[in-house]
Amino acid sequence: ELKVEQNPLFLSMQEGKNYTIYCNYSTTSDRLYWYRQDPGKSLESLFVLLSNGAVKQEGRLMASLDTKARLSTLHITAAVHDLSATYFCAVDTITDKLIFGTGTRLQVFP
Amino acid sequence: EAGVAQSPRYKIIEKRQSVAFWCNPISGHATLYWYQQILGQGPKLLIQFQNNGVVDDSQLPKDRFSAERLKGVDSTLKIQPAKLEDSAVYLCASSLGDTWGTEAFFGQGTRLTVV
């Protein structure tokens, strides 16, 4: 059974700081997605990573995928309060089954 | 482009009652997913359809949950009878599927409270 784990589960960081969220998964896959969820809201697609070595950047967020290590990272640069949310990675299986990680709740404070 | 539509947005029922949720995916999307998200947890896949066929329902509690996707478009998810632990947000998502990528787009969800 595919397992997707994220760490940390909770991250409290000061504005202006950098940090990385990690997503590990247990089976071969070369398609991984990052989503953002605000409290009481649905999931918003952030990044689509479709091959080994893929790197995508949007504003202060950068996502990468290493399929050999079964690892994806979401790097936050110079955090701002608006980035406060819960971030999920999701891994695609051969049958297009999309399995979500445990989530990382990010809080950015002044 | 219209997004994934779900209804109702909120539902409160008593345990042992039945409830149904409706989802209209993005036009042209072959794959449709139903997820259950309990407060503080990640979405858990309940059932996945490809057109009107079931691809995976291994996590669906089939003694009480059922789902169908008529004509490969709209879908309904039913719970009968509901239990307290079914309180969650039920999210519907759709994607083009396979060759075109499986980036899933989510609806606003239905928040179910079982009392």
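Shown above is the structure to which this text applies.
So, here is what we can say about the structure in this document. (Residues numbered from 1 in each chain as written. Chains lettered and ligands numbered in written order. Predicted model: local features only at pLDDT ≥ 70, side-chain atom pairs only at ≥ 80, totals over all residues. Heavy atoms only, no water.)

1. Overview of the packing of aromatic side chains
Stated formally: Here the aromatic set is Phe, Tyr and Trp, taking the six-membered ring for Trp, and pairing holds for ring centres within 6.5 Å; pairs whose planes are under 30 degrees apart are stacked, those over 60 apart are edge-to-face, and all others are tilted. The helix count covers DSSP runs of H or I at least four residues long, the strand count covers runs of E at least two residues long, and both are numbered beginning at the N terminus. Relative accessibility under 20% of the residue-type maximum defines a buried residue, over 50% an exposed one, and the middle range a partly exposed one, all with a 1.4 Å probe and only protein chains included.
Inspection of every chain in the model, using the stated rule, returns 9 aromatic pairs over all chains. Their ring planes at 85 degrees and their centres at 5.5 Å tell us that Tyr35 of chain A and Phe106 of chain B sit as a pair that is edge-to-face. One end of the pair, Tyr35 of chain A, is in strand β4 (residues 32-37); the other, Phe106 of chain B, is in strand β10 (residues 105-106), on a second chain. Judged by relative accessible area, Tyr35 of chain A falls into the buried class, the value being 0%. With relative accessibility at 9%, the residue Phe106 of chain B sits in the buried group. Taken together, the aromatic side chains of Tyr35, Phe88 and Phe100 of chain A together with Tyr33, Tyr35 and Phe106 of chain B make up a single cluster linked through ring pairs.

2. Topic: the interface of chain B and chain A
Put simply, the rule reads: Contact criterion: two residues are considered in contact whenever any of their non-hydrogen atoms come within 4.5 Å of each other. The term buried area denotes the loss of accessible surface (1.4 Å probe radius) that occurs when two parts are joined, taken as the sum for both partners. Whenever Lys or Arg places a side-chain nitrogen within 4 Å of a carboxyl oxygen from Asp or Glu, that contact is recorded as a salt bridge. Here a polar contact is taken to be a pair of N or O atoms separated by no more than 3.5 Å, where protein atoms must pair a possible hydrogen donor with a possible acceptor and residues adjacent in sequence count only if both atoms sit in side chains.
Across the contact, 22 residues belong to chain B and 18 residues belong to chain A. The junction of chain B with chain A conceals about 1600 Å² of combined surface from both sides, 48% of it contributed by carbon and sulfur atoms. The largest per-residue losses of area from chain B upon contact with chain A belong to Thr102, Glu103 and Phe106 of chain B, which jointly make up 29% of the total buried on that side. Between chain B and chain A we count 1 salt bridge in total. In this structure, Lys97 of chain A engages Asp56 of chain B in a salt bridge whose closest nitrogen and oxygen atoms are separated by 3.1 Å. Here chain B is connected to chain A by 6 residue pairs in polar contact (both at pLDDT 80 or more). Put simply, the parts of the chain that give the side of chain B that touches chain A at least two residues each are β4 (31-37), β5 (44-50) and β6 (53-56) of chain B.

3. A word on the sheet that holds strand β7 (residues 61-66) of chain A
Residues and elements named next belong to chain A. Stated precisely, the cut-off is as follows: Each pair of strands is called paired provided DSSP finds at least two bridges between the two strands. Lines fitted to C-alpha atoms define the axes here, with helix axes fitted over just the stretch in contact, and angles between the N-to-C directions of these axes take values from 0 to 180 degrees.
The 5 strands are arranged β1-β3-β8-β7-β6 in an open sheet whose pairing can be described as antiparallel. The sheet terminates laterally at β1 (4-7) and β6 (55-58), the two strands that pair on one side only. The mean angle between the axes of side-by-side strands here comes to 15 degrees, regardless of whether they run parallel or antiparallel.

4. Focus: the state of the cysteines
Which entries qualify depends on this criterion: Here, a disulfide means two cysteine sulfur atoms that sit within 2.5 Å of each other.
With the rule as written, the count across this model stands at 2 disulfides over all chains. In this model Cys23 of chain A forms its disulfide with Cys89 of chain A; the gap between the sulfur atoms is 2.0 Å. As the torsion about the S-S bond is roughly 80 degrees, the Cys23 of chain A-Cys89 of chain A disulfide counts as right-handed. Here the residue Cys23 of chain A occupies a position in strand β3 (residues 19-25), and Cys89 of chain A occupies one in strand β9 (residues 85-92), the gap between them amounting to 66 residues. The pair Cys23 of chain A / Cys89 of chain A is uniform in exposure class, with both members buried. The partner cysteine of Cys23 of chain B in its disulfide is Cys92 of chain B, sulfur to sulfur 1.9 Å. On the S-S bond that ties Cys23 of chain B to Cys92 of chain B, the torsion sits near -70 degrees, and the link is left-handed. Placement of the pair is Cys23 of chain B in strand β3 (residues 19-24) and Cys92 of chain B in strand β9 (residues 88-95), with a sequence separation of 69 residues.

5. As for the sheet that holds β3 of chain B
Residues and elements named next belong to chain B. Pairing is antiparallel across the open sheet formed by 4 strands, whose spatial order is β1-β3-β8-β7. Whereas interior strands pair on both sides, the edge strands pair on one side only; in this sheet they are β1 (5-7) and β7 (65-69). Strand-to-strand twist in this sheet, taken as the mean axis angle between neighbours without regard to direction, amounts to 15 degrees. With 5 bridges joining them, β3 and strand β8 (residues 75-79) adopt antiparallel strand pairing. The residue bridging Cys23 from the neighbouring strand is Ser75, located in β8.

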